[in-house]
Amino acid sequence: MTQNIKKKNSAKAAFELIKPNLNKDTVLGIGTGSTTNFFIDQLNESDIDIKGAVCSSISSEESLNPSIRVISLNEVHLIDFYIDGADEFNDRFELIKGGGGAHTREKIVASASNEFICIVDESKIVTELGAFPLPVEVIPESRSLVSRKLISMGGIPEYRSGFVTDQGNHILDVRDIDISNPQSLELMINNIPGVVDNGIFAANKPQIILVPK
Ligand code: 5RP
């Protein structure tokens with residue numbers, strides 16, 4: 001089975017799981033990435049009427065069928081289900097996200113959701129997070145300052161050249177940083193002035209991770 005088929009199967013499994021609970025009052029949270037795009041395909045093909053979707057990126061908003069209303073997070077109190085992929089996950093359901101540079105809004109939407117369902121293939125499972133470089137979104141002006149702080153923490157940051165986030169910021173991809181305690185590293189990095197958010201999802205973990213067999 002190719003990786004794309006596995007991603008598609010995971011997305012389908014998520015859609016089948018939530019389908020019985022979808023109705024005209026449902027607000028969905030939609031993440032970003034190739035696995036999530038397969039979920040968007042499922043949603044676009046279905047004729048189930050939902051209230052709308054809060055998306056974590058402009059790209060996901062633009063992929064939705066125009067009949068599905070895009071809702072701003074400011075308009076809703078609670079999102080019923082948040083569906084999104086990940087770059088890595090461990091057996092404690094902690095994640096690294098942000099390969100697509102959308103982790104800041106992804107974390108916001110995940111935190112506003114009743115249930116976070118993560119859709120992945122088995123290539124994303126790790127014993128310890130960190131083989132995938134950790135994305136850190138920074139205010140452009142603070143990029144060098146944050147890089148130096150990350151180096152002092154043992155990381156090797158690399159500027160994702162030519163990439164600008166939906167919020168107009170830059171991304172540093174950090175290799176070799178010790179992520180043996182994801183919860184504390186998530187907070188420590190977010191404490192550096194100029195950091196918008198980093199791709200560790202330890203405080204906002206998924207309740208369910210779907211990995212196709
Ligand atoms: C985007 C993300 C994605 O969920 C992550 O990069 C996984 O992507 P894909 O489904 O394409 O493998 O965090 O910011």
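Placed above this text is the structure.
Residues numbered from 1 in each chain as written. Predicted model: local features only at pLDDT ≥ 70, side-chain atom pairs only at ≥ 80, totals over all residues. Heavy atoms only, no water.

Chemist: Is there a simple way to explain the site of the ligand in this structure?
Modeler: For the ligand, the set of nearby residues contains 18 residues, the closest of which are Ser34, Thr35, Asp87, Gly98 and Lys124. Contact distances for the ligand include 3.5 Å between an oxygen atom and a backbone N or O atom of Gly99. Within the contact set of the ligand, an oxygen atom lies 2.8 Å away from a side-chain nitrogen or oxygen of Lys124. Using a 2 Å cut-off from the grid points, one finds that the ligand occupies the largest pocket. Elements with a minimum of two residues in the shell around the ligand: helix H2 (34-45) and helix H4 (103-111). Of the residues in the shell around the ligand, the class split is two nonpolar, 10 polar and six charged. (Near = heavy atom within 4 Å. Polar contact = N/O pair within 3.5 Å; in protein donor to acceptor, adjacent residues only side chain to side chain. 1 Å grid on protein atoms, 1.4 Å probe; cavity = no way out; pocket = protein on both sides within 12 Å on 5 of 7 lines; lining within 4 Å. Sits in = over half its atoms within 2 Å of the grid points. Helix = DSSP H or I, 4+ residues; strand = E, 2+ residues; numbered from the N terminus. Nonpolar A, V, L, I, M, F, W, Y, C, P; charged D, E, K, R; others polar.)

Chemist: Got a minute to help me understand the side chain of Ser10 in this structure?
Modeler: Along the polypeptide, Ser10 turns up in helix H1 (residues 3-18). Dropping the residues within four chain positions of it, Ser10 is found in contact with Ile119, Val120, Leu210 and Pro212. (Contact = heavy atoms within 4.5 Å.)

Chemist: In this structure, what is going on with the nonpolar core? I would like to understand it.
Modeler: Burial of nonpolar side chains together is a common tendency in soluble globular proteins. Grouped together as the largest cluster of nonpolar side chains are 21 residues, with contacts concentrated most on Ile18, Leu28, Ile30, Phe39, Leu43 and Ile83. For this core, the secondary structure elements donating two or more residues are H1, strand S1 (27-30), H2, strand S2 (52-55), strand S3 (79-84) and strand S6 (113-119). Residues contacting Leu43, with those up to four places away along its chain left out, are Phe15, Leu28, Ile30, Leu64 and Ile68. Counting 18 residues, the second-largest nonpolar core is a separate cluster that includes Ile96, Leu129, Ile189 and Val195. (Core = buried A, V, L, I, M, F, W, Y, C linked by side-chain atoms within 4.5 Å. Buried < 20%, exposed > 50% of the residue type's maximum accessible area, 1.4 Å probe, protein only.)

Chemist: I tried to follow the pattern of salt bridges on my own but got confused; where do I start?
Modeler: Pairing is possible between side chains that carry opposite charge, provided their charged atoms lie close to one another. Taken as a whole and judged by the stated rule, the model has 12 salt bridges. A salt bridge links Glu186 to Lys107; the nearest nitrogen and oxygen atoms lie 2.6 Å apart. Of this pair, Glu186 sits in helix H6 (residues 182-190) while Lys107 sits in helix H4, placing them 79 residues apart in sequence. Lys107 sits in the buried class, given a relative accessible area of 6%. Overlapping salt bridges bring together Glu61, Arg105 and Asp166 as one network. (Salt bridge = Lys/Arg side-chain N within 4 Å of Asp/Glu carboxyl O.)

Chemist: I would appreciate a short explanation of the layout of surface pockets in the present structure.
Modeler: Taken as a whole, the largest pocket holds about 190 Å³ of empty space. Around the largest pocket sit 15 residues that line it, and Thr32, Gly33, Ser34, Ala86 and Asp87 are the ones nearest its centre. For the lining of the largest pocket, the residue count by class is one nonpolar, nine polar and five charged. (Points joined across faces, edges and corners; volume = space filled by probe spheres on them.)

Chemist: How should I be thinking about helix H5 (residues 143-152) in this particular structure?
Modeler: Since the α-helix packs 3.6 residues into each turn, any two residues three or four apart lie on the same face. Looking at H5, one finds that the buried residues are Val146, Ser147 and Leu150. The arc that holds the buried residues of H5, viewed along the axis, is 105°, so those residues lie on one side. Seen from the buried face of H5, the exposed residues on the opposite side, beyond 90 degrees, are Arg148, Ile151 and Ser152. Buried residues along H5 sit in contact with strand S7 (134-138), strand S8 (156-159), strand S9 (170-175), H6 and strand S10 (195-198). Positioned one or two residues after H5, Gly154 has a phi angle of 95°, which is positive. (Arc of directions from axis to C-beta.)

Chemist: So what exactly am I meant to see when it comes to the pairing of S1 here?
Modeler: Each regular strand carries side chains that alternate between the two faces of the sheet. Here S1 shows two buried faces, one formed by Val27 and Gly29 and the other by Leu28 and Ile30. Taken together, S1, H2 and S2 form a β-α-β motif whose crossover is right-handed. One ladder, built from three bridges, connects S1 with S3; its direction is parallel. Residue pairing across strands places Leu28 opposite Phe81, the latter belonging to S3. (Right-handed = clockwise from strand over helix to strand, strands pointing away. Pairing = 2+ DSSP bridges.)

Chemist: Looking at this structure, I do not really get the pairing of S9. What am I missing?
Modeler: Counting buried positions over the six residues of S9 gives five, a clear majority of the element. The pairing of S8 with S9 spans four bridges and is classified as antiparallel. Bridge assignment links Tyr159 to a residue of S9, and that residue is Leu172.

Chemist: Would you take a moment to explain the packing of aromatic side chains for this structure?
Modeler: We describe a pair of aromatic rings using the distance from one ring centre to the other and the angle between the two ring planes. Within this structure, the stated rule accounts for three aromatic pairs. Arranged with centres 5.0 Å apart and planes meeting at 55°, the rings of Tyr82 and Phe116 form a pair that is tilted. Of this pair, Tyr82 sits in strand S3 while Phe116 sits in strand S6, placing them 34 residues apart in sequence. Residue classification places Phe116 among the buried residues on the basis of a relative accessible area of 2%. What links up through ring pairs into an aromatic cluster is the set Tyr82, Phe116 and Phe201. Taking the ring centre of Phe201 as reference, the NZ or CZ of Lys97 above it sits at 5.7 Å. Positioned above the aromatic ring of Tyr159 is the side chain of Arg143, whose terminal nitrogen or guanidinium carbon lies 3.8 Å from the ring centre. (Phe/Tyr/Trp six-rings, centres within 6.5 Å; stacked < 30°, edge-to-face > 60°. Lys NZ or Arg CZ within 6 Å of the ring centre and 35° of its normal.)

Note that every value here comes from positions in space, so none of it alone points to a role or purpose.
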